[in-house]
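Notes for the structure review
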Amino acid sequence: MAEKFDVCVVGSGPGGYVAAIRAAQLGKKTAIVEREALGGVCLNIGCIPSKAMITAAHFYHRMMHDAPTMGFAIPKEIDLDFKKLQAWKQSVCGKMSGGVAQLLKGNSVTVFMGEATFKSAKSVEVKGKDGTQQIEAANFIVATGSRPIEIPGFAIDEKDVLSSTGALALEEQVKRVVVIGGGYIGLEIGSYMAKFGSAVTVVEAAPALLNNVADPDCVQVVARRLKKNGVEVLLNAKAKGYKKSKDGLDVTFDIGGKEQTLKADKILLMVGRKPNSDQSGLKNIGLALDERGFIKVNAQRKTNVPGIYAIGDIAGQPMLAHKASHEGVMVAEIIAGHNRAYDAKTVPAVIFVDPEIASAGWMESECKAKGFNDLMIGKFPFGANGRAVSMMETDGFVKIIADAKTHIVLGVHIVGPEASNLISEAALAIEMGARVEDLALTIHPHPTLGETMMEAAEATLGHAIHIIQKPLGARPANGASKST
Amino acid sequence: MAAQNVKLPDVGEGVTEGELVRWLVKVGDTVKADQPVVELMTDKATVEVPTPFAGTVKELKYKEGDVVPIESVLLVLDTDGAGAKAAPAAKAEPAKPAAAAPAPRQAPAGASASPQFAKPASQAPVGNGNGSNGSMDVYPPPAGANVLATPATRRLARETNVDLNQISGTGLAGRVTREDVVKAKGSTGGGAMTTGMIAPMSSKMPTAQVPKPAYISPAGAPEERVPLRGIRKKIAENMQMAKHIIPHFTLMDEARVDELVKLRTAAKASAEKYGVKVTYLPFVMKALIATCREFPMFNASMDDAAGEVVYKKYFNVGFAADTPNGLMVPVVKNADFKTTLQISQDIQQLAGKAREGKLALDDMKGATITVTNIGSVGGLYATPIINHPEVAILGMYKIEDKPVWNGEKFRRAQVMGFTITCDHRLIDGAVAANFMKAFLGRIENPSQLMLDMI
């Protein structure tokens, strides 16, 4: 006997669970299906656990490198119990996942644990530990996410070749790590492992790290820091395969037409993620996919099948949790009869490397591509910010790109301490259509990292206070970028 | 028993209401699905609206002459009656009112013409609790990257069905303010808004902000008040807007058309074999196109929002047609690729449709320049109004015998008046005079048109 709902969400990641809660808040009888753990990849094997590990590694790194400068007497070796670290990380995930369970319960959302398979556009079958259940619903929200991509020669076994899932669960320090992929996942995990003492080599096929995903000036700062922290980066290098040998794994790759080999104890395969559109019986119901396997959706995240919506990673780029959540709320409201459509101007993005990179809006190249040729660009370095200096975190800058005709902010790119927490102001500025003067004339509290945003805005106008710029009234044609 | 409401579906193209011309059914009639039930005149064309269901007509909700907003109930059908079984699909439909209603059919003459009329289904209401309706379009479309409006304003616009892409903001740097949205909502107005779900598609045409003074009737004056609606209303709006936006000037001159008269007389005789009536208009169009090639600023538009001049590399020539309903401007499409005979055919066909009130929307779209032939009615000269967003309109006037001084003596000549009315923002007086000279050269020596032929 099938249970009937107004809305059934498949997948409980940051898209799915948010959609379920909002649907329930709007009075819809709502179900959610999850095959692994509530909260999905993000809360259990993605964003949250990686942030726990990054925090621990950064803490460790600063004890070793910065604390002595401040006067602490630090022993040459600080013991790190990896098992305890893992237990702490797991407790973080557990708290978050438990929180989701509570919220779903509090909103009377019915949770089904098990693997969902679409039987028709109006019903799914859920195979769980306690048997099989049928769910019928007038509306389905597909939020089943994505999984790591594999490349030929490297099958993920989570023993020798690890995905992010395996890497985050390591219970010991690894001596030699080869990270395949210089994207944000590879660099986040590779960086923290290097801080824990692993010898890390990043193998990237493209000519640059974070190719086309981050402002090139920001990437430069991170590349310098990687080098300083002992991470080796090989660009234009195509990983071919690996062999087990007596003393570990021999990873072969092609660089400039020549084949080379690296020794490793673990290989981290982090070349991207692909949508799970081949699962959950989605093909049974005739959902149209694009050439990359994303479910085709419109601005309301409706699919070609009436009553079926898709959100999050499975519904297209960017594959970011906060985009999924925004879509989740929107779709729940659409189902409840509200007129909504996706019209956000920007999905801010954060890369938790060292120092952090965060961005909102367009890069210079994107501005030009969209026809904004006359730009004003202002940069303000954290080295000139009191709070950053007192934190001993002075690498990086805030860079603001604005349209020289209207002074409207088009993009903000931050590399530096707490970039992740600073970017929201930029996102708000862009959504509000703010001009650089709006940022410059807003009083920012002292002493904080946030002052850099105000100063960068001033820099676009040619008169930041805490850096030497050309005299007032002599703003160079392309903004203040030359004088910073 | 089941009563089904038949609603006036959204017919697209910015149409928000239509005037009910006549009922094609009466109470008690049995109708089949897709049978036309009412003839409706919108500000663009006359259409027949079919019923999506079969049944027996129970009630007609409007009288002939009434103005019906889109999405309002036109009539009530009893679908349990004999007719019901004729369309079994009807019962499955009622859950989706707007999407289910088929697009109204063009009046017969234009039946196959207008792809715009297939559009309404895709412009169906969004936010419908029944979920996806199969269409992937969203109305209003999400604001484009260059639209400046805060997230809260964007939401207000969506909830009130205002398309932000069509509003020019009054705020700093073109920002669309909350007030702009509220105002836009008011101006699209109409009954359509009352449903809160139906998208009154704001027309792409700009709307002029002009005062709307009242006219106070003197007490007891013998006057009659008639609502301004349909085509008359549209003409009023278009003319007002064109005069509001475009600084007009008109240049007048006359041509000796003895040669042209001969040519046309000959052509007329040979075209009659094909059943085509050749007038002077196709020759004037030919000369106009050839002259516009020399003076591309006449076949252009001003994109005021972008601050750009748009030069058009194609020629769709509109011609003003006087009809019982008022002025219509059907368009000869791609006139530069058509022979004089084909242009004549097009004109004959379009003018016929115009007289019968059966022009399809598509027949009146996309003109790049217009010719008005008021001289065929009378008058010496006129100062026509440009059909915005075009930048010029050519006037042609009656042919008369006049004495012409050839340096030694007067001789009799056939003379035809022409005017060229220009948008002075783009076209200066001297340019217009040169244009006229080049144009008249072709009219006076029609053999020159042979040189212009493709």
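Structure's up top.
Residues numbered from 1 in each chain as written. Chains lettered and ligands numbered in written order. Predicted model: local features only at pLDDT ≥ 70, side-chain atom pairs only at ≥ 80, totals over all residues.

**Digging into the overall build of chain A**
Helices and strands together make up the secondary structure of chain A, namely 13 helices and 22 strands. Evaluated residue by residue, chain A yields a buried proportion of 49% over its 484 residues. In chain A, the proportion of contacts linking residues at least 24 apart, taken out of those at least 6 apart, comes to 65%. (Helix = DSSP H or I, 4+ residues; strand = E, 2+ residues; numbered from the N terminus. Buried ≥ 20, exposed ≤ 12 C-beta atoms within 10 Å, placed from the backbone. Contact = placed C-beta atoms within 7 Å.)

**Re the interface of chain A and chain B**
Put simply, an interface is often sized by how much accessible area is lost when its parts join up. Of the residues lining the interface, 28 residues belong to chain A; the matching set on chain B comes to 21 residues. When contributions to the side of chain A that touches chain B are tallied by element, the ones reaching two or more residues are strand 6 (131–142), helix 8 (321–335) and helix 11 (419–432) of chain A. Considering only residue class, the side of chain A that touches chain B consists of 12 nonpolar, 10 polar and six charged. (Nonpolar A, V, L, I, M, F, W, Y, C, P; charged D, E, K, R; others polar.)

**Structural notes on helix 4 (residues 230–245) of chain B**
All names here are of chain B. When the terminal C-alpha atoms of helix 4 are compared, their 23 Å separation across 16 residues agrees well with the 22 Å that a helix rising 1.5 Å per residue should span. When helix 4 is considered as a whole, its buried residues turn out to be G230, I231 and K234. Relative to the axis of helix 4, the buried residues are bounded by an arc of 90° and lie together on one face. As for helix 4, its buried residues are in contact with strand 2 (17–23), strand 4 (36–41) and strand 15 (326–328). (Expected span 1.5 Å × (residues − 1). Arc of directions from axis to C-beta.)

**Things to note about the sheet that holds strand 19 (residues 357–361) of chain A**
Residues and elements named next belong to chain A. Read across the sheet, five strands follow the order 18-19-22-21-20 without closing on themselves; strand pairing throughout is antiparallel. The strands lining the two open edges of the sheet, one partner per strand, are strand 18 (349–351) and strand 20 (375–381). When the angles between neighbouring strand axes are averaged without regard to direction, this sheet yields 10°. Here three bridges tie strand 18 to strand 19, and the two strands are oriented antiparallel to one another. Within the sheet, the bridge partner assigned to I351 lies in strand 19 and is I357. (Pairing = 2+ DSSP bridges. Axes fitted to C-alpha atoms, helices over the stretch in contact; angles between N-to-C directions.)

**Re helix 8 (residues 429–444) of chain B**
Residue and element names in this part refer to chain B. The terminal C-alpha atoms of helix 8 lie 22 Å apart, and with 16 residues this matches the ideal 22 Å at 1.5 Å per residue to within 8%. Looking only at helix 8, the buried set comprises A432, F435, F439, R442 and I443. Along the axis of helix 8, the buried residues cluster in a sector spanning 100°; they form a single face. Summarising the geometry of helix 8, the exposed residues directed more than 90 degrees from the buried face are A430 and K437. Contacts made by the buried residues of helix 8 are with strand 10 (248–256), helix 5 (258–271), helix 6 (281–294), strand 19 (410–423) and helix 9 (448–452).

**Brief notes about the pairing of strand 6 (residues 55–60) of chain B**
Residue and element names in this part refer to chain B. Here two bridges tie strand 3 (residues 30–31) to strand 6, and the two strands are oriented antiparallel to one another. Along strand 6, the bridge assignment pairs T30 with T56. Bridge analysis of strand 6 against strand 8 (residues 73–78) gives four bridges, and the strand direction is antiparallel. By the bridge assignment, E59 is partnered in strand 8 with V76.

**A few points about the packing of helix 6 of chain B against helix 7 (residues 340–355) of chain B**
All names here are of chain B. For the pair helix 6 and helix 7, the least separation of the axes is 9 Å and the interaxial angle reads 120°. Here helix 6 is positioned oblique relative to helix 7, judged by the angle of their axes. You can see that helix 6 and helix 7 cross each other, and the crossing is right-handed. Touching L281, P282, F283, M285 and K286 of helix 6 are T340, I343, S344 and I347, all from helix 7. Of the residues that constitute the contact of helix 6 with helix 7, the class distribution is six nonpolar, two polar and one charged. (Parallel < 35°, antiparallel > 145°, perpendicular 65-115°, else oblique. Left-handed = near helix turned anticlockwise from the far one by under 90°.)

**Observations regarding the environment of A149 of chain B**
Within the fold, A149 of chain B resides in the loop between strand 9 (105–106) and helix 2 (151–159). In this structure, A149 of chain B is in contact with G433 of chain A together with A143, R154, A157, L164, R175 and V176 of chain B, ignoring residues within four places of it in sequence.

**Remarks on the nonpolar core**
Counting residues in hydrophobic clusters, the biggest one holds 159 residues, and the most contacted among them are C8, I141, V142 and V409 of chain A. Beyond its immediate chain neighbours, meaning those up to four positions away, V142 of chain A contacts V10, L282, I295, I308, Y309, A310 and I314 of chain A. Counting residues in each nonpolar core, the second largest holds 52 residues, with V257, Y280, V391 and I393 of chain B among its members. (Core = buried A, V, L, I, M, F, W, Y, C linked by C-beta atoms within 7 Å.)

**Thoughts on the sheet that holds strand 9 (residues 176–180) of chain A**
All names here are of chain A. The strand order across the open sheet formed by five strands is 8-15-9-10-11, and the pairing between neighbours is parallel. Among the strands making up the open sheet, the edge pair consists of strand 8 (161–162) and strand 11 (232–234). In this sheet, strand 11 lies alongside strand 10 (residues 199–203) in parallel orientation, the contact comprising three bridges. For V203, the partnering residue across the bridge sits in strand 11 and is L234. Along the sheet, helix 6 (residues 184–195) contacts strand 9, strand 10 and strand 15 (266–269); its crossing angle with strand 10, the most-contacted strand, is approximately 160°.

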